[in-house]
Amino acid sequence: MEIRDALQVAEERGLDLIEIAPNEVPPTCKLLEYGKYKYQLKKKSHKQKKSVHRRKEIKLRPKTDEHDFVVKLNHGRRFLSKGHKVQVTMVFRGREAVHLDLGKALLDRFAQTLSDISKVESPPTREGRNRMNMILTRK
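Owing to the predicted nature of the structure, the values given are computational and were not obtained by experimental measurement. (Residues numbered from 1 in each chain as written. Predicted model: local features only at pLDDT ≥ 70, side-chain atom pairs only at ≥ 80, totals over all residues. Heavy atoms only, no water.)

Draft legend 1. Layout of the pairing of strand E2 (residues 28–32). Across 5 bridges, strand E1 (residues 16–21) lies against E2 in antiparallel orientation. Within E2, the residue paired with Glu 19 across the bridge is Cys 29. Hairpin connection, E1 to E2: the antiparallel pair is bridged by 6 residues. (Pairing = 2+ DSSP bridges. Helix = DSSP H or I, 4+ residues; strand = E, 2+ residues; numbered from the N terminus.)

Draft legend 2. Quick look at the nonpolar core. Within the largest apolar cluster, 19 residues are counted, with the highest numbers of intra-cluster contacts made by Val 88, Phe 110 and Leu 136. Of all the elements in the fold, those that place two or more residues in this core are strand E3 (55–60), helix H3 (66–81), strand E4 (85–91), helix H4 (100–113) and strand E6 (131–138). (Core = buried A, V, L, I, M, F, W, Y, C linked by side-chain atoms within 4.5 Å. Buried < 20%, exposed > 50% of the residue type's maximum accessible area, 1.4 Å probe, protein only.)

Draft legend 3. Quick look at the pattern of salt bridges. All told, the structure shown has 5 salt bridges when counted by the stated rule. We note a salt bridge from Lys 85 to Glu 121, for which the minimum N-O separation is 3.0 Å. Of this pair, Lys 85 sits in strand E4 while Glu 121 sits in strand E5 (residues 118–127), placing them 36 residues apart in sequence. Accessibility expressed as a relative area gives 32% for Lys 85, which makes it partly exposed. (Salt bridge = Lys/Arg side-chain N within 4 Å of Asp/Glu carboxyl O.)

Draft legend 4. H3, seen in detail. In a regular helix each residue adds 1.5 Å, so 16 residues correspond to 22 Å; H3 covers 22 Å between its end C-alpha atoms and thus fits that length. Buried within H3 are the following residues: Phe 69, Leu 73, Gly 76, Phe 79 and Leu 80. All buried residues of H3 lie within an arc of 125° about the axis, which places them on one face of the element. Where H3 is buried, its residues contact E3, E4, H4, E5 and E6. Looking one or two residues beyond H3, the residue adopting positive phi is Gly 83, at roughly 100°. (Expected span 1.5 Å × (residues − 1). Arc of directions from axis to C-beta. Contact = heavy atoms within 4.5 Å.)

Draft legend 5. Representation of the sheet that holds E6 within the structure. One open sheet accounts for 4 strands, arranged E3-E4-E6-E5; its pairing is mixed. Only two strands of the sheet have a single partner each, and these edge strands are E3 and E5. Mean inter-strand twist for the sheet, computed between neighbouring axes without regard to direction, equals 20°. Inspection of the sheet shows E3 paired to E4 by 6 bridges, in the parallel sense. The residue bridging Lys 56 from the neighbouring strand is Val 86, located in E4. Across the sheet, H3 is in contact with E3, E4, E5 and E6; its angle to E3 comes to roughly 170°. Its contacts with the sheet place H4 against E3, E4, E5 and E6, and it is angled at close to 10° to E6. (Axes fitted to C-alpha atoms, helices over the stretch in contact; angles between N-to-C directions.)

What follows is the structure, encoded as structure tokens:
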């Protein structure tokens, strides 16, 4: 269809003529409402950005008491049930850094307790001198 005919059809229907593939022979165009199209693209990109940043962090220490551990477990369970990933960080202070085995055992216990609804995406790994991280995702 000729360009002027396509423009006339678009004007009759109250739509915009949008060039989709300008490098093709013949060029490809589409009839649609440009404002609505831009809005849908914006909405789609916003949704993609939103889904990227869905990681929650829970911090523990090697000497975390039992009740505090249970509270952190409940937070993790809630985050996982909402579809978030959970990054569990073990923070070592001072001489606690010597006892990496205690921290690893606590992270393993955390993962084992939540194993009914989660799986370990990345096992406990040491990050720097004073941190150990583990990432859990929903099953």
